[in-house]
Amino acid sequence: MTNWKKLTCTLQELRLDVALVCGQSFRWKEIKPGVFRSVLAGGVWTLTQTNEGDILYEVNRPETPKHKLSNKCRVTTHATTKTKFQLTDEDILKDYFQLNTSLKDLYDQWSKADSNFSKIASKFVGVRTLRIDPTENLFSFICSSNNNISRITGMVEAMCTNYGDMLMEMDGEKWYSFPDAACLTGPDVETKLRKLGFGYRAGYISSSADFIMQNGGTEWVKSLRNVTYAEAKESLLKLKGVGPKVADCVCLFSLDKTEAIPVDTHVWQITARDYMPKLTKTKSLTAKIYQEIGNCYRQLFGQYAGWAHSVLFSADLRKFKELQEKQHEPGLEIKREHGSTTEKQKNRKRQARKLVKTEKEVAKRIKTEIE
């Protein structure tokens, strides 16, 4: 890859190796150490991050016009405050990561409000909340019911492969758009999804797609960005298979409701351990307890309580424990496409004893390339 562009950033504002894989989006794949790829705004995006925090990215788009990819489905565009004709790749990336909001300032605010957060903040920076396409996020989290990240990822991939448009093939892998809600309607959708292993969630997806199309299509889902948190959540709860937690995930990760607090068993346990000891005596997550937990975080962290909650949630995930203990920066292990297999093998052998030196050399090469 030789078409890297650079978006100036810092590790305090964003860590790709956490934000992309902490359970907000289920489409990003780490194709090489520290290099992530997914579909965004009708293109295939490849991202990585320098040791200083700058984001390096490459965008590939299909040669076929969007309106010709399929008779029924269309590629999802990325809606921001600008029109689609004004958007640049940098605009799309900044909007997706919500970079106009200072995460460092929020961390400082939350640390002053909570000593527990302060301890976590010192070794777990850059955990930023994404702004995902609402339709993609809604159907992804409908798949999350009684499920784990690995299976959710598989189901989302199956929806894209079977109902989205094939955009292009890169490095031997085909990349698909997320299907429009219209693609998930019809008498055969539920049956096919069940055969693909979705179980009872197949009926939820089909029913929710029908509801969305009857109420104005995907634009109806996007329009929930323009109403209050309470109104957006109430609207989402009308969909089959959408409970309070799924509704809050969509509100927080897609609809700009920064005060939304998704509560699952994990969040319940964190809250009982660190904030509300009385919860240790409760046996189930009732609607009343759910609301109390959300209010606890909103009162403590303020307007962006949902973002703070996401930091606490991610910090408690087992896969990020080692990351916090080492307090290391994300490595820049970008394997150059034109590099020989022998060279790659040598680099891997050197990594154990010369990691720091190798990272500096790679960073220097990439800096030269993008300049």
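Since the structure is predicted, the reported quantities are computational estimates derived from the model, not experimental observations. (Residues numbered from 1 in each chain as written. Predicted model: local features only at pLDDT ≥ 70, side-chain atom pairs only at ≥ 80, totals over all residues. Heavy atoms only, no water.)

Throughout the structure, instances matching the rule amount to 16 salt bridges. A salt bridge links Asp171 to Arg37; the shortest N-O distance between them is 2.9 Å. Of this pair, Asp171 sits in the loop between β6 (166-170) and β7 (173-176) while Arg37 sits in strand β3 (residues 35-40); the two residues are 134 residues apart in sequence, bridging distant segments of the chain. On the basis of relative accessible area, Asp171 is assigned to the exposed category, the value being 56%. Between Arg273 and Asp274 there is a salt bridge, and its shortest N-O distance comes to 2.9 Å. For Arg273, a relative accessible area of 51% puts it in the exposed group. One network of salt bridges, in which partners are shared, links Lys5, Arg61 and Asp89. (Salt bridge = Lys/Arg side-chain N within 4 Å of Asp/Glu carboxyl O. Helix = DSSP H or I, 4+ residues; strand = E, 2+ residues; numbered from the N terminus. Buried < 20%, exposed > 50% of the residue type's maximum accessible area, 1.4 Å probe, protein only.)

This paragraph deals with the environment of Leu300. Structurally, Leu300 is set in helix α13 (residues 287-301). Remark: the alpha-carbon pair of Leu300 and Asp114, spanning 186 residues in sequence, is separated by 7.5 Å. The residues touching Leu300, leaving out its near neighbours within four places in the chain, are Ala113, Asp114 and Tyr275. (Contact = heavy atoms within 4.5 Å.)

This part takes up the nonpolar core. Judged by nonpolar contacts, the single largest core of 100 residues is most densely connected at Phe97, Trp110, Phe139 and Leu236. Ignoring any residue separated from it by four or fewer positions in sequence, one finds Phe139 in contact with Met159, Phe178, Ala181, Leu184, Ile205, Ser208, Ala209 and Ile212. In terms of nonpolar packing, the next biggest core, distinct from the first, is built from 6 residues, Val39, Met168, Met170 and Trp175 among them. (Core = buried A, V, L, I, M, F, W, Y, C linked by side-chain atoms within 4.5 Å.)

The residue Gln49 is located in strand β4 (residues 43-49) in this model. Classification of Gln49 by relative accessible area gives buried; the value is 3%. There is a polar contact of 3.1 Å between the side chain of Gln49 and the backbone nitrogen of Leu16. Engagement of the side chain of Gln49 in a polar contact is seen with the backbone oxygen of Gly53, the distance being 3.0 Å. (Polar contact = N/O pair within 3.5 Å; in protein donor to acceptor, adjacent residues only side chain to side chain.)

Moving on to the pairing of strand β2 (residues 29-32). Direction of pairing for β2 relative to β3: antiparallel, over a ladder of 3 bridges. Looking at the pairing, Lys32 lines up with Val35 of β3. Between the antiparallel neighbours β2 and β3 lie 2 residues, among them Gly34 with a positive phi of about 80°. (Pairing = 2+ DSSP bridges.)

All right, on to the packing of aromatic side chains then. Enumeration according to the criterion identifies 15 aromatic pairs in this entry. Note on Trp45 and Tyr57: the rings are 5.9 Å apart at their centroids and 20° apart in plane angle, and the pair reads as stacked. One end of the pair, Trp45, is in strand β4; the other, Tyr57, is in strand β5 (residues 55-60), and 12 residues separate them in sequence. By relative accessible area, which is 0% here, Trp45 ends up buried. By relative accessible area, Tyr57 is classed as buried at 3%. When the centroid spacing of 5.5 Å and the interplanar angle of 70° are considered together, the rings of Tyr200 and Tyr204 count as edge-to-face. Taken together, the ring pairs in this structure connect Tyr107, Trp110, Phe117, Tyr275, Tyr297 and Phe301 into an aromatic cluster. (Phe/Tyr/Trp six-rings, centres within 6.5 Å; stacked < 30°, edge-to-face > 60°.)

Turning next to the pairing of β6. Looking at chain direction, β6 and β7 are connected through 4 bridges and run antiparallel. Across the sheet, the residue bridging to Glu169 is Lys174, located in β7. Two successive antiparallel strands, β6 and β7, enclose a turn made up of 2 residues, where Asp171 displays a positive phi of approximately 55°.

As a general point, the strands of a sheet are linked pairwise by backbone hydrogen bonds and lie either parallel or antiparallel. Ordered by their spatial adjacency, 5 strands build an open sheet running β1-β5-β4-β3-β2, and the pairing between neighbours is antiparallel. Looking along the sheet, the strands with just one partner apiece sit at the ends: β1 (5-7) and β2. Averaged over all pairs of adjacent strands, the angle between strand axes in this sheet comes to 35°, irrespective of strand direction. Of the pairings in the sheet, the one linking β1 to β5 comprises 3 bridges and is antiparallel in character. Bridge pairing in β5 links Lys6 to Leu56. (Axes fitted to C-alpha atoms, helices over the stretch in contact; angles between N-to-C directions.)

Running from amino to carboxyl end, helix α10 (residues 229-236) crosses helix α11 (residues 244-254) at an angle of 130°, the nearest separation of the two axes being 9 Å. In terms of orientation, α10 lies oblique with respect to α11. Here α10 runs over α11; the crossing is right-handed. Where α10 approaches α11, its residues Tyr229, Ala232, Lys233 and Leu236 are matched on the opposing element by Pro244, Ala247, Asp248, Val250 and Cys251. Among the residues making up the contact of α10 with α11, the classes are represented as 7 nonpolar, no polar and 2 charged. (Parallel < 35°, antiparallel > 145°, perpendicular 65-115°, else oblique. Left-handed = near helix turned anticlockwise from the far one by under 90°. Nonpolar A, V, L, I, M, F, W, Y, C, P; charged D, E, K, R; others polar.)

Now for the confidence of the model for the protein chain. Residues at a pLDDT of 70 or more form 80% of the protein chain, whose mean pLDDT is 85. The low-confidence segment residues 328-349 (pLDDT under 50) makes 43 contacts with residues lying over four places distant or belonging to another chain. (pLDDT = per-residue confidence, 0-100.)

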